[in-house]
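Fold and contact review
Listed below, chain by chain, are the residues.
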Amino acid sequence: MRNYQSIEVTPISGALGAEVRGVNLADDLDEAVLADIRRALLDNQVIFFRDQQITPAEQLRFARRWGDIHLHPFMKGMDDYPEILEIVKTPADKKNFGGAWHSDQMFTAKPAMGTMLYAKETPSAGGDTLFANQYLAYESLSDGMRATLGRLKAVSRGDHFKGHDGKSRKDFYADKLAMQVKDPGEVQTVTTHPLIRTHPETGRKVLYVGGHVFKFEDMTEAESEPLIDFLMAHSVRPEFTCRFRWEPGSLSFWDNRSTQNLAINDYPNETRRMHRITICGDVPF
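Notes on the structure follow. All residue numbers refer to positions counted from 1 along the written sequence of the respective chain. Side-chain atom pairs in this predicted model are given and counted only at pLDDT of 80 or more, local residue features only at pLDDT of at least 70, and totals for whole chains, interfaces and linings cover all residues. No hydrogens and no water enter the side-chain calculation; it runs on all heavy atoms of the structure.

1. Remarks on the nonpolar core
In these notes, a set of buried Ala, Val, Leu, Ile, Met, Phe, Trp, Tyr and Cys residues joined through side-chain atoms within 4.5 Å is what counts as a nonpolar core. The buried label goes to any residue with under 20% of its type's maximum accessible area, the exposed label to any with over 50%, and the partly exposed label to all in between, with areas taken from a 1.4 Å probe on protein chains only. Grouped together as the largest cluster of nonpolar side chains are 31 residues, with contacts concentrated most on Val23, Ile37, Trp66 and Phe253. Looking at this core, the elements with two or more residues in it are strand S2 (18-21), helix H1 (31-44), strand S3 (46-49), helix H2 (56-64), strand S6 (114-121), strand S14 (251-255) and strand S16 (272-279). Every helix listed is a DSSP run of H or I at least four residues long, and every strand listed is a run of E at least two residues long, numbered separately from the N terminus. Looking at this core element by element, the count peaks at five residues for H1. Among all residues touching tryptophan 66, those that are not within four sequence positions of it are Leu34, Ile37, Arg38, Leu41, Met113, Met116, Phe253 and Ile279. Formed by 24 residues, the second largest nonpolar core is a distinct cluster that contains Leu130, Ile196, Val209 and Ile264. In what follows, a contact means two residues having at least one pair of non-hydrogen atoms within 4.5 Å.

2. Observations concerning the sheet that holds strand S8 (residues 153-157)
Pairing between strands is defined by DSSP: at least two bridges between the two strands are required. With antiparallel pairing, the three strands of this open sheet are ordered in space as S9-S8-S12. Both outer strands of the open sheet, strand S9 (190-194) and strand S12 (213-216), are each paired with one neighbouring strand and no more. Sheet twist, expressed as the average angle between the axes of neighbouring strands with direction ignored, equals 30 degrees. Two elements, S8 and S12, share three bridges in a ladder whose sense is antiparallel. Its bridge partner lying in S12, valine 155 is registered against lysine 215. Only C-alpha atoms enter the line fits that serve as axes; for helices the fit covers just the stretch in contact. Angles between N-to-C directions range over 0 to 180 degrees. Each of S8 and S12 touches helix H6 (residues 221-235); the most contacted strand, S12, lies at about 120 degrees to it.

3. Concerning the pattern of salt bridges
Here, a salt bridge means any Lys or Arg side-chain nitrogen found within 4 Å of an Asp or Glu carboxyl oxygen. Considering all chains together, one arrives at 19 salt bridges under this definition. Linking arginine 38 and glutamate 201 is a salt bridge whose minimum nitrogen-to-oxygen distance equals 2.9 Å. Within this pair, whereas arginine 38 is found in helix H1, its partner glutamate 201 is found in the loop between strand S10 (196-198) and strand S11 (205-207), the two being separated by 163 residues in sequence. The partly exposed category is assigned to arginine 38, whose relative accessible area is 27%. Residue glutamate 201 is classed as partly exposed on the basis of its relative accessible area, which comes to 34%. Among the ionic pairs, arginine 273 bridges to glutamate 86, the shortest N-O distance being 3.8 Å. Of this pair, arginine 273 sits in strand S16 while glutamate 86 sits in strand S5 (residues 85-89), and the two are 187 residues apart along the sequence. Accessibility expressed as a relative area gives 27% for arginine 273, which makes it partly exposed.

4. Quick word on the sheet that holds strand S13 (residues 241-244)
Pairing within the open sheet is antiparallel, and its three strands lie in the order S13-S7-S15. Each edge of the open sheet is held by one strand with a lone partner, namely S13 and strand S15 (259-263). Across the sheet, the axes of successive neighbouring strands diverge by a mean angle of 20 degrees, strand direction being ignored.

5. Observations concerning unusual backbone geometry
Most peptide bonds are trans, and most residues other than glycine sit at a negative phi. Despite not being glycine, aspartate 51 has its phi angle at roughly 55 degrees, a positive value. Among the secondary structure elements, aspartate 51 is positioned in the loop between S3 and H2. The phi dihedral of glutamine 105 is positive, around 60 degrees, even though this residue is not glycine. In this structure, glutamine 105 sits in the loop between S5 and S6.

Such coordinate-based values are descriptive only and should not be taken to indicate function.
If you want it as structure tokens, here you go:
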């Protein structure tokens, strides 16, 4: 296990995920602490901080240490902090946000590097988030399958979310929050990326698939569907996953370049309120 100089890091599963202690995210952290947190993120792919009391401004300050803030093309941020999405599900809502396996903003030309989610209000039970290790998803494939997938490019679409039934992704957003743009057609939300990408910091290969993928380049949707279905099931096998139980004051920070995530919708009579910031990434290769 790696030694960290300024923080304590405790894995929560064999596949990925770790709790980080010994840091107050409300502070203006020095570079040595940030370097340890970056190492913890790269080592564990998703890290969790408990008992944090931070304001929106303090969460933004921490997020900006990692890069520019990504504005969601379909959703409007908080009035005073447009870079922060307030994700709320109340007892009146039947669907939740993020309720299918996905990698955030995969449908954009430069998908998100990371996402920070801070819990303001949580159910008495339920509302957990699952994460899946896409290094393991790639490495567990046969040599022949890896060679085949290495030649493919996946086409993702912002209003496609395999796993959300009924309404389209666009309609789901519009129902939940005001639109960030006047016409979603003005924003590029169909993008092609390698199905096998290389993580820009670790150099490891990743299976880059998620709920936004609807076909492969130069193939029809019907031709693509059986392989997409196989890869989606394979990529989230239980032995590749961890599960995080939220409490008010918990903050999670995950690496979208090597994980998928899913928010469990199992709290029909309670409210879950979160503050989400997404950090800009780069072009997958």
